[in-house]
Amino acid sequence: MSFSLLKFWHDSLEHWHEPRHRAAEGLHQSMRENAKLTWFDIDLHKACNLTCDHCFYNDHYSTSTSPALAPEFLEEAIRQAVEMRIEVMTFSGMEPTLGKNFRVAIQTARAARDQYAPAAKIGLITNALTLPQHLSFLESEPPDFIDVSIDGWKSHDRIRANTRDRVIANFKQAKACLRNTRVGTSTVLRNDNIDDVILMIERTAEFNSHFYFEPVVAAVDKHIPSLASENLIHFVQRLRRVAEIFHEQELHFSLLLNGDQALPLFYHDLLEPEEVEEDELHSLYIRRRIGRVEIDFILRIIPEYFWRGARLSYDGYWLGTCDLLQAPDFHEVASGSFIETPSIKQLFERSLARDTLFYQSLQELFLNPCGHTEREQQYCLSCFSTRMVKMMHQRYGAASASYTGATNFSHDPFS
Ligand SMILES: C[S@@+](CC[C@H](N)C(=O)[O-])C[C@H]1O[C@@H](n2cnc3c(N)ncnc32)[C@H](O)[C@@H]1O
Ligand code: SF4
């Protein structure tokens, strides 16, 4: 592997003690030099048939299933992104299956993939309510993966308007039809659904083998706080027990950990810093195997915001991370528009310039220390992942911007 994210970050830490301004400049320069668009999300329109109370899309958007981006612009954006040899392209929504551009998007992405980047993966994140309407189309144009959102067993009905049974029926139907697509689930971990998510795993493991979990991040206009570290610890302990029970079954669990969320797990001996590995997409992870069950802890120590991933809004605006969709008007925080600059390459480069949120967030790292020790910073990147969200909360104001940051633990895995 020519470029290593882990080595890159370890080398950057060596310059941490330089005068702050110089260190921030150095990090910005190296990130720009090593930038590569790897993950690209495209919102197809701004409508949804649910109103989940944690959703990062700001409620101020007036919703519509009519695409704001003409199909020829959307097709061109998809083609250019795939031509840049991205690794993963996902379509989102708000709810992707509702939009008029849905089929065009999948067809264009698959054709561009065949032409420019055969290894690229095309995926869909969906609430699955209208998925059955598209199954015969998807059989002829199968995506590589579909993640169906299920937010617990009983709590799913509370969060997602009593849709659990319908979603599960649609999940099974999609799995039966799409033999070459990995159909799995995506679950948000909230302070009010941890034990219920474990129950969901137990009830669905019979027909689902790929589970993805993502801790909730407090959104500006909602009242759902970010996941507390004690609840994360509790979830990981219970997940391990579930893995022991199902050890004879081939199951795959992935848990995303944003920045400092890895630290409490290190302190509780649930993970070891020495176990961190890097995959071919430069994601950092720790893999645990319990019999035939695999648990991947994806460590977003060095987040992909801006320099490896980006999102195109339904009307063609460039956002370095989906967290920016929290803004009441995301156009304010976008770094360009495909209509004005119809070049994905130029928009990507533009988003990394010195007058951007990306640059501002790197400066923040050095100007406002997070309170973690130098050794801990190797695994929290000064809590970089949480800073973008905090910046949004500071800018637009919200009471629920709470993060459980540095915690005092008795055992120190770094000593
Ligand atoms: C924004 S939705 C879009 C796709 C589709 N509507 C769905 O719900 O699956 C994609 C995923 O992001 C999750 N999500 C939304 N808001 C979030 C937040 N504040 N923190 C963490 N995940 C969030 C959703 O629960 C869902 O699993
Ligand atoms: S999480 Fe998905 S389904 Fe729920 S409101 Fe947001 S976009 Fe809609």
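Residues numbered from 1 in each chain as written. Chains lettered and ligands numbered in written order. Predicted model: local features only at pLDDT ≥ 70, side-chain atom pairs only at ≥ 80, totals over all residues.

Colleague: Would you mind going over helix α8 (residues 194-204) with me for this structure?
Modeller: Side chains of residues three or four places apart in an α-helix project in the same direction, reflecting 3.6 residues per turn. Among all positions of α8, only I194, V197, M200 and I201 are buried. In a view along the axis of α8, the buried residues occupy a sector of 105 degrees, so they form one face of it. Those residues of α8 that are buried are in contact with β5 (182-189), β6 (210-215) and α9 (229-245). (Buried ≥ 20, exposed ≤ 12 C-beta atoms within 10 Å, placed from the backbone. Helix = DSSP H or I, 4+ residues; strand = E, 2+ residues; numbered from the N terminus. Arc of directions from axis to C-beta. Contact = placed C-beta atoms within 7 Å.)

Colleague: Help me understand the site of ligand 1 in this model?
Modeller: Around ligand 1, a shell composed of 19 residues is seen, among which F56, E95, S149, V188 and V217 lie nearest. Secondary structure elements with two or more residues in the shell around ligand 1: β3 (121-126) and β5. Grouping the amino acids of the shell around ligand 1 by side-chain chemistry returns 10 nonpolar, 7 polar and 2 charged. (Near = placed C-beta within 6 Å. Nonpolar A, V, L, I, M, F, W, Y, C, P; charged D, E, K, R; others polar.)

Colleague: Explain the environment of L319 here, please?
Modeller: Checked against the element boundaries, L319 lands in strand β12 (residues 318-319). Residue class for L319 comes out buried when judged on the 25 C-beta atoms lying within 10 Å of it. In the structure, L319 is positioned 173 residues away from I146 in sequence and 23 Å away in space, judged by C-alpha atoms. Once residues lying within four places of it in the same chain are set aside, the contact partners of L319 are A310, R311, S313, L324, L325, F330 and A334.

Colleague: Quick question: what am I supposed to make of the nonpolar core here?
Modeller: Within soluble globular proteins, side chains that are nonpolar generally end up buried alongside one another. Core analysis: the biggest nonpolar cluster contains 105 residues, and A81, A105 and A262 have the highest contact counts within it. The dominant element in this core, judged by the number of residues it contributes, is α9, at 6 residues. Among all residues touching A262, those that are not within four sequence positions of it are L257, L271, L299, I301 and Y379. (Core = buried A, V, L, I, M, F, W, Y, C linked by C-beta atoms within 7 Å.)

Colleague: Teacher, can you tell me more about the site of ligand 2 here?
Modeller: The full set of residues close to ligand 2 is C48, L50, T51, C52, C55, Y57, G93, M94, E95 and N127. Considering only residue class, the shell around ligand 2 consists of 6 nonpolar, 3 polar and 1 charged.

Colleague: Sorry if this is basic, but what is going on with the pairing of β5 here?
Modeller: Each regular strand displays side chains that alternate between the two surfaces of the sheet. A large share of β5 lies buried, amounting to 6 of its 8 residues. As judged from the 5 bridges shared by strand β4 (residues 145-149) and β5, these two strands associate in the parallel manner. Among the inter-strand pairings, I146 is bridged to a residue of β5, identified as V183. Sheet topology places β5 next to β6; 5 bridges connect them, and they run parallel. In the sheet register, S186 faces β6, and the bridge partner there is Y212. (Pairing = 2+ DSSP bridges.)

Colleague: Quick question: what am I supposed to make of the sheet that holds β12 here?
Modeller: Working definition: the strands of a sheet are paired by backbone hydrogen bonds and lie parallel or antiparallel to each other. On the basis of which strands lie adjacent, the open sheet formed by 12 strands has the order β8-β9-β10-β7-β6-β5-β4-β3-β2-β1-β11-β12 and mixed pairing. Across the chains shown, the open sheet's two edge strands, defined by having one partner strand only, are β8 (277-278) and β12. Along the sheet, α9 makes contact with β5, β6, β7 (251-258), β9 (284-290) and β10 (293-300), crossing β10 at roughly 155 degrees. (Axes fitted to C-alpha atoms, helices over the stretch in contact; angles between N-to-C directions.)

Colleague: Could you clarify how one ought to interpret the environment of T130 in this entry?
Modeller: With respect to the helices, strands and loops of the structure, T130 is situated in the loop between β3 and α5 (135-140). Among the residues examined, T130 registers 15 C-beta atoms within 10 Å and is labelled partly exposed. T130 sits 81 residues away from N49 along the chain, and the two C-alpha atoms are 9.2 Å apart.

Colleague: I'm lost on helix α14 (residues 384-396) in this one. Help?
Modeller: Between its first and last C-alpha, α14 extends 19 Å over 13 residues, near the 18 Å set by a 1.5 Å rise per residue. If you check which residues of α14 are buried, you get F384, S385, T386, R387, M388, V389 and M392. Looking at the packing, one finds that the buried side of α14 touches β7, β10 and α12 (357-367). A positive phi of about 75 degrees marks G397, the residue just after α14. (Expected span 1.5 Å × (residues − 1).)

Colleague: Explanation requested: unusual backbone geometry in the structure shown.
Modeller: Backbone phi values are negative for most residues with the exception of glycine, while trans is the configuration of most peptide bonds. The phi torsion at N162 lies on the positive side, around 55 degrees, for a residue other than glycine. Relative to the helices and strands, N162 is located in the loop between α6 (155-159) and α7 (164-177). One non-glycine residue, L381, lies in positive phi territory at about 40 degrees. Within the secondary structure layout, L381 lies in the loop between α13 (374-380) and α14. Among the residues examined, L381 registers 24 C-beta atoms within 10 Å and is labelled buried.

Colleague: Can you walk me through the packing of α8 against α9 in this structure?
Modeller: Helix-helix packing is characterised by the crossing angle of the two axes and by the distance between the axes. Where α8 meets α9, the axes come as close as 9 Å, and the angle between the chain directions of the two elements is 20 degrees. When the interaxial angle is binned, α8 and α9 end up roughly parallel. Read as a crossing pair, α8 and α9 show a hand that is right-handed. Facing α8, whose interface residues are I194, I198, I201 and E202, α9 presents N231, H234, F235, R238 and V242. Class assignment for the residues of the contact of α8 with α9 results in 5 nonpolar, 2 polar and 2 charged. (Parallel < 35°, antiparallel > 145°, perpendicular 65-115°, else oblique. Left-handed = near helix turned anticlockwise from the far one by under 90°.)

Colleague: Teacher, can you tell me more about the packing of helix α2 (residues 20-33) against α12 here?
Modeller: Contact pair α2 / α12: the axes reach a minimum separation of 9 Å and the direction vectors enclose 140 degrees. Between α2 and α12, the angle is such that the two are oblique. At the point where α2 passes α12, the crossing takes the right-handed sense. Two secondary-structure elements touch here, α2 through R20, A23, A24, L27 and H28 and α12 through Y359, L362, Q363, L365, F366 and L367.

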